[in-house]
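Residues per chain, in single letters:
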Amino acid sequence: MTLLLRVGHAMGPFHPTVGAFARHDVVRVGWDTPKLVGEVQRVTWQLAVGHPTEELDPAVVEDLVARGLLVRVEETPEGRLAFARGHRVQPLGVGTLPTDDGGRVVGTWTSPVAELDPEAFDIWAWAHLFPDLDAAATGLSGASAIPGADPAAVLDRLVHRLPELLAAGVLYLDVPRDGVRPAP
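Predicted model, so just to flag it, every value in this text is computed and none were measured.

## Regarding the packing of helix α5 (residues 133-140) against helix α6 (residues 151-168)
Now for step 1: Relative orientation of the contacting elements α5 and α6 amounts to 120 degrees, with a least axis distance of 8 Å. One finds that α5 runs oblique with respect to α6. The handedness of the crossing between α5 and α6 is right-handed. Of the residues in α6, those touching α5 at L133, A136, A137, T138 and L140 are P151, V154, L155, L158 and L162.
Now for step 2: Looking at the contact of α5 with α6, its residues break down into nine nonpolar, one polar and no charged.

## What about the pattern of salt bridges?
Now for step 1: Per the stated rule, a full pass over the model turns up ten salt bridges.
Now for step 2: Between E164 and R161 there is a salt bridge; the shortest N-O distance is 2.6 Å. With E164 and R161 both in helix α6, this residue pair falls three residues apart, about one helical turn.
Now for step 3: On the accessibility criterion, E164 (42% relative accessible area) is partly exposed.
Now for step 4: We classify R161 as buried; its relative accessible area is 6%.
Now for step 5: When salt bridges with common partners are traced through the structure, they connect D117, E119, R157, R161 and E164 into a single cluster.

## Topic: the nonpolar core
Now for step 1: Counting residues in hydrophobic clusters, the biggest one holds 44 residues, and the most contacted among them are L5, F83, L116, L133, L162 and L173.
Now for step 2: Residue contributions to this core peak at seven residues, all from α6.
Now for step 3: Excluding anything up to four places from it in sequence, L133 contacts F83, A84, H87, R88, V89, L155, L158, L162 and L173.

## Quick notes on the environment of L56
Now for step 1: With respect to the element layout, L56 can be found in the loop between β5 (49-50) and α2 (58-66).
Now for step 2: Residue classification places L56 among the buried residues on the basis of a relative accessible area of 8%.
Now for step 3: For the pair L56 and V18, spaced 38 residues apart in the sequence, the C-alpha separation amounts to 32 Å.

What counts, and where the lines are drawn
- Residues numbered from 1 in each chain as written.
- Predicted model: local features only at pLDDT ≥ 70, side-chain atom pairs only at ≥ 80, totals over all residues.
- Heavy atoms only, no water.
- Axes fitted to C-alpha atoms, helices over the stretch in contact; angles between N-to-C directions.
- Helix = DSSP H or I, 4+ residues; strand = E, 2+ residues; numbered from the N terminus.
- Parallel < 35°, antiparallel > 145°, perpendicular 65-115°, else oblique.
- Left-handed = near helix turned anticlockwise from the far one by under 90°.
- Contact = heavy atoms within 4.5 Å.
- Nonpolar A, V, L, I, M, F, W, Y, C, P; charged D, E, K, R; others polar.
- Salt bridge = Lys/Arg side-chain N within 4 Å of Asp/Glu carboxyl O.
- Buried < 20%, exposed > 50% of the residue type's maximum accessible area, 1.4 Å probe, protein only.
- Core = buried A, V, L, I, M, F, W, Y, C linked by side-chain atoms within 4.5 Å.

What follows is the structure, given as structure tokens:
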């Protein structure tokens, strides 16, 4: 089966003037800020956090995949590896609080976002330090709460956990980039 995952960080609606209706929604992907025009594109992008559903318009999905705002991940070792080499994660949240089971609550005392078990917390806390998800799986293998010392097994777990972490809003998928913005 194939996963369908959203790529990018939602920056919100663009209002051309104060009080005007939103013209589009902006998403940051790497150094770019593509637009989601209309409710159907925005909702399709927001709902892409796992296995595709019948609710999603196939034409809109194809358009967003072609634009790099959605990605299909074939649930095979080769498919996961191809996806992992072209994507990375970025955490969202303002802090963490410990839980009794060794996990963490992401957010604050007054505004908790999600409770993460130790495996999910390690993905949230450490995977963004690597240039892509393939490198993250290698770096986290044997050194985190993600079971296994084999990078391929860790990558399998990492990809398996992405839909719930995306849906919880604690991280977003991005594309690899270096520290220098390309010249226009």
